[in-house]
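One letter stands for each residue in the lines below.
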Amino acid sequence: MEVIIICLVISIALFLAAFITKRRFGLLGLALAAGSILSVIWGYDAGLVASLFGIPTGQLSTAVVASVIILLPAGVLLFHGNTYKTLIGRVVGAGLFTLLALAFLIEPLSHVLMPQGLGANVFSWLVNNKSMIIGVGVLLAIIDLFLTKPAHFPIKHHKH
């Protein structure tokens with residue numbers, strides 16, 4: 001049961017962050033993919049650096065460090081970039097961001113969470129469909145980038 005609560009808390013926090021900031025899914029989705037790659041590259045080294053600061057090394061600290069590295073690029077981009085103008089766009093974009101983030105986070109979370117009961121079904125569904133969710137999510141993120149219109153800045157006319 002605690003697996004569902006942990007995943008639900010993470011999902012609500014991610015959804016609210018994307019919904020409140022109105023950021024578009026495309027850039028955030030690709031930032032999650034970049035964070036996942038960085039987590040693979042830096043995961044071990046970041047764990048060693050964390051141990052230098054007195055954080056005990058183990059399964060939990062490794063999962064937390066990997067999760068932070070995955071979410072960090074998207075977290076930075078929550079404060080910069082294009083936004084949705086409509087409520088429907090915000091809801092859909094935040095939902096897609098949340099689902100894609102959970103798919104990327106399922107790997108580090110699977111090392112520390114022991115799902116039981118109903119939580120096991122949801123967790124195993126995410127684990128079994130992780131590759132499909134990530135593939136479709138990154139493709140949708142790229143499509144969303146192409147649908148983003150560039151900002152138009154007013155042209156300054158000089159009197160001379």
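First, a word on scope: everything that follows refers to the structure included in this document. (Residues numbered from 1 in each chain as written. Predicted model: local features only at pLDDT ≥ 70, side-chain atom pairs only at ≥ 80, totals over all residues. Heavy atoms only, no water.)

### Things to note about the pattern of salt bridges
Inference 1: All chains considered together, the criterion is met by two salt bridges.
Inference 2: Notably, a salt bridge pairs Asp144 with Arg24, separated by 2.7 Å at the nearest N-O pair. Of the two residues, Asp144 sits in helix α6 (residues 130–147) while Arg24 sits in the loop between α1 (2–21) and α2 (25–52), which places them 120 residues apart along the sequence. As far as burial versus exposure is concerned, Asp144 and Arg24 are alike and both buried. (Salt bridge = Lys/Arg side-chain N within 4 Å of Asp/Glu carboxyl O. Helix = DSSP H or I, 4+ residues; strand = E, 2+ residues; numbered from the N terminus. Buried < 20%, exposed > 50% of the residue type's maximum accessible area, 1.4 Å probe, protein only.)

### Some points on α6
Inference 1: Its 18 residues place the ends of α6 25 Å apart at the C-alpha level, agreeing with the 26 Å of an ideal helix rising 1.5 Å per residue.
Inference 2: All buried positions along α6 are accounted for by Ile133, Ile134, Gly137, Ala141 and Asp144. Across the axial projection of α6, the buried residues extend over an arc of 95 degrees, all falling on one side. Along α6, exposed side chains directed more than 90 degrees from the buried face belong to Ser131, Met132, Leu139 and Phe146. (Expected span 1.5 Å × (residues − 1). Arc of directions from axis to C-beta.)

### Digging into the nonpolar core
Across soluble globular proteins, nonpolar side chains have a tendency to be buried as a group.
Inference 1: Ranked by size, the top nonpolar core spans 29 residues in total, and within it Leu32, Phe97 and Phe104 carry the most contacts.
Inference 2: Listed by contribution, the elements that provide at least two residues to this core are α1, α2, α3 (59–77), α4 (87–110), α5 (118–128) and α6.
Inference 3: Every residue in contact with Leu32, bar those within four places of it in the chain, is listed here: Ile70, Leu71, Ala74, Phe97, Leu100, Ala101 and Phe104. (Core = buried A, V, L, I, M, F, W, Y, C linked by side-chain atoms within 4.5 Å. Contact = heavy atoms within 4.5 Å.)

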